[in-house]
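Coordinate analysis (summary)
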Amino acid sequence: MTGTPSPDATPEAAAPAARVALVTGAARGIGAAIAQRLAADGHAVGVLDITADACGDTVAAITAAGGRAVALGADVADAAAVEAALSRLVDELGAPTILVNNAGIIRDNLLFKMTEDDWDAVLSVHLRGAFLVTRAVQAHMVAAGWGRIVNLSSTSALGNRGQANYAAAKAGMQGLTKTLALELGRYGVTANAIAPGFIQTDMTRQTAARIGVPFDEFVAAATREIPVGRAGTPDDIAAAAAFFCAPEAGFVSGQVLYVAGGPRA
Ligand SMILES: NC(=O)c1ccc[n+]([C@@H]2O[C@H](COP(=O)([O-])OP(=O)(O)OC[C@H]3O[C@@H](n4cnc5c(N)ncnc54)[C@H](O)[C@@H]3O)[C@@H](O)[C@H]2O)c1
């Protein structure tokens, strides 16, 4: 029968399962969980953070579980450092066709107290960083005719008091994601965003410390607002990332998935 091709005939189904992934901000927290999950799914993983040394624990966890990983040091906002780290990844593990833009920082303050440095630092790591890393990595995806890009947004993209810089950056990640989906879809590349709610990591510990609340009280207060009745974990986000990176997710692109224990806009 001619006409609609069988789903089995799609390039996604024909592609080998094991690929090379690059995860930024993977020394700890959500990035570390995503790197470990992608490794468990059979991929070799470039574990990138500001210094290669910082990535040691994540790489050790992956290799101890039988996976392959390399530690890469680069500030994602530094184009030359990104290119150098990518060259190392290509040399050591091969060309990446999975990219997770996860590196992030917070510099929270109410608008009237927010400095230009607070604004520039946050926009630079999240947006300039995702732009630079994606621009570098997409060449390998286009060459392969296959790719998966996952960008970390946040429920803060919908607006959050004290986070004008971060909310703008995380809303920007959604616009970036949709544009990547439009531009790169024809090359077999999907781009999707995950918008986590409250996840227990060093980042939320930092927020609790800044406002002077013990972390367990901070988690308990956040949990009261979460319909499923618990705080999120890095593994909750890794599970969503694993779905977007899977071969069978090839028809899902330009989407924003809120992983927040309840509905968001
Ligand atoms: N924790 C949450 O509740 C939450 C909620 C929504 C979104 N997010 C997003 O998820 C991502 C991971 O957050 P997390 O909670 O694991 O934070 P985290 O602070 O524990 O980890 C962030 C990692 O990014 C790295 N990083 C920061 N700047 C970098 C740079 N310039 N170059 C390379 N690496 C850099 C840090 O060194 C760190 O290892 C971030 O993008 C964050 O905005 C987190």
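1. Re the overall build of the protein chain
The helix and strand inventory of the protein chain stands at nine helices and seven strands. Its C-alpha atoms give the protein chain a radius of gyration of 18 Å, within 12% of the compact-globule value 18 Å for 265 residues. Dimensions along the principal axes, computed over C-alpha positions, put the protein chain at roughly 65 × 40 × 35 Å. Sorting the 265 residues of the protein chain into buried and exposed places 49% on the buried side. A separation of at least 24 residues holds for 70% of the contacts in the protein chain among residues at least 6 apart in sequence. Accessible surface, the protein chain: about 12400 Å² in total, of which carbon and sulfur atoms supply 55%.

2. A short note on the domain arrangement of the protein chain
Along its sequence, the protein chain is organised into domain 1 (17–197 + 233–254) and domain 2 (200–231). Between domain 1 and domain 2, the buried area comes to about 790 Å², and carbon and sulfur atoms account for 51% of it. The largest share of the area that domain 1 buries against domain 2 comes from R28, I106 and D108, three residues that together contribute 50% of it. The interface formed by domain 1 and domain 2 includes three salt bridges. Counting the contacts that link domain 1 with domain 2 gives two residue pairs in polar contact (both at pLDDT 80 or more). Among the elements of the structure, helix 2 (29–40) and helix 9 (234–245) are those that each provide at least two residues to the side of domain 1 that touches domain 2. Its residues assigned to classes, the side of domain 1 that touches domain 2 comprises five nonpolar, three polar and three charged.

3. Regarding the site of the ligand
Neighbouring the ligand are 29 residues, the closest being R28, D49, N102, Y166 and T201. Within the backbone of N102, one N or O atom sits 2.8 Å away from an oxygen atom of the ligand. Within the contact set of the ligand, an oxygen atom lies 2.5 Å away from a side-chain nitrogen or oxygen of Y166. Starting from 830 Å² of accessible surface for the ligand in isolation, the protein chains cover 95%. Of all the secondary structure elements, the ones that give two or more residues to the shell around the ligand are helix 2, helix 5 (116–144), helix 6 (164–184) and helix 7 (202–211). With three residues, the top contributor of residues to the shell around the ligand is helix 7. Residue classes in the shell around the ligand are distributed as 14 nonpolar, 10 polar and five charged.

4. Quick notes on the sheet that holds strand 2 (residues 44–49)
Ordered by their spatial adjacency, seven strands build an open sheet running 3-2-1-4-5-6-7, and the pairing between neighbours is parallel. A strand with exactly one partner marks an edge of an open sheet, and here the two such strands are strand 3 (69–73) and strand 7 (256–259). Taken pair by pair, the neighbouring strands of this sheet meet at an average axis angle of 20°, ignoring direction. Pairing between strand 4 (residues 98–101) and strand 5 (residues 147–152): four bridges, direction parallel. Bridge pairing in strand 5 places N101 opposite N151. Packed onto the sheet, helix 2 meets strand 1 (20–24), strand 2, strand 4 and strand 5 and runs at close to 170° relative to strand 1. Seen against the sheet, helix 9 touches strand 4, strand 5, strand 6 (189–196) and strand 7 and runs at an angle of roughly 165° to strand 6.

5. Considering the side chain of T24
Along the chain, T24 turns up in strand 1. For T24, a relative accessible area of 1% puts it in the buried group. Not counting residues up to four positions away in its chain, the partners in contact with T24 are L48, V76, V100, N101, N102, A103 and V133.

6. What about the side chain of T155?
Here T155 is to be found in the loop between strand 5 and helix 6. The residues touching T155, leaving out its near neighbours within four places in the chain, are A195, P196, G197, Y258, A260 and R264.

7. Some details on the packing of helix 2 against helix 9
Packing of helix 2 against helix 9 leaves a shortest axis separation of 8 Å and a crossing angle of 50°. Classified by the interaxial angle, the pair formed by helix 2 and helix 9 is oblique. The way helix 2 lies across helix 9 gives a crossing that is right-handed. Of the residues in helix 9, those in contact with G29, I30, A33, I34, R37 and L38 of helix 2 are P234, D235, I237, A238, A239, A241, A242 and C245.

Rules of the game
- Residues numbered from 1 in each chain as written.
- Predicted model: local features only at pLDDT ≥ 70, side-chain atom pairs only at ≥ 80, totals over all residues.
- Heavy atoms only, no water.
- Helix = DSSP H or I, 4+ residues; strand = E, 2+ residues; numbered from the N terminus.
- Rg over C-alpha atoms; globule rule 2.2 N^0.38 Å.
- Buried < 20%, exposed > 50% of the residue type's maximum accessible area, 1.4 Å probe, protein only.
- Contact = heavy atoms within 4.5 Å.
- Areas by Shrake-Rupley, 256 points an atom, 1.4 Å probe, with all protein chains shown as cover.
- Domains from an automatic or database assignment.
- Buried area = accessible area lost by both parts, 1.4 Å probe.
- Salt bridge = Lys/Arg side-chain N within 4 Å of Asp/Glu carboxyl O.
- Polar contact = N/O pair within 3.5 Å; in protein donor to acceptor, adjacent residues only side chain to side chain.
- Nonpolar A, V, L, I, M, F, W, Y, C, P; charged D, E, K, R; others polar.
- Near = heavy atom within 4 Å.
- Pairing = 2+ DSSP bridges.
- Axes fitted to C-alpha atoms, helices over the stretch in contact; angles between N-to-C directions.
- Parallel < 35°, antiparallel > 145°, perpendicular 65-115°, else oblique.
- Left-handed = near helix turned anticlockwise from the far one by under 90°.

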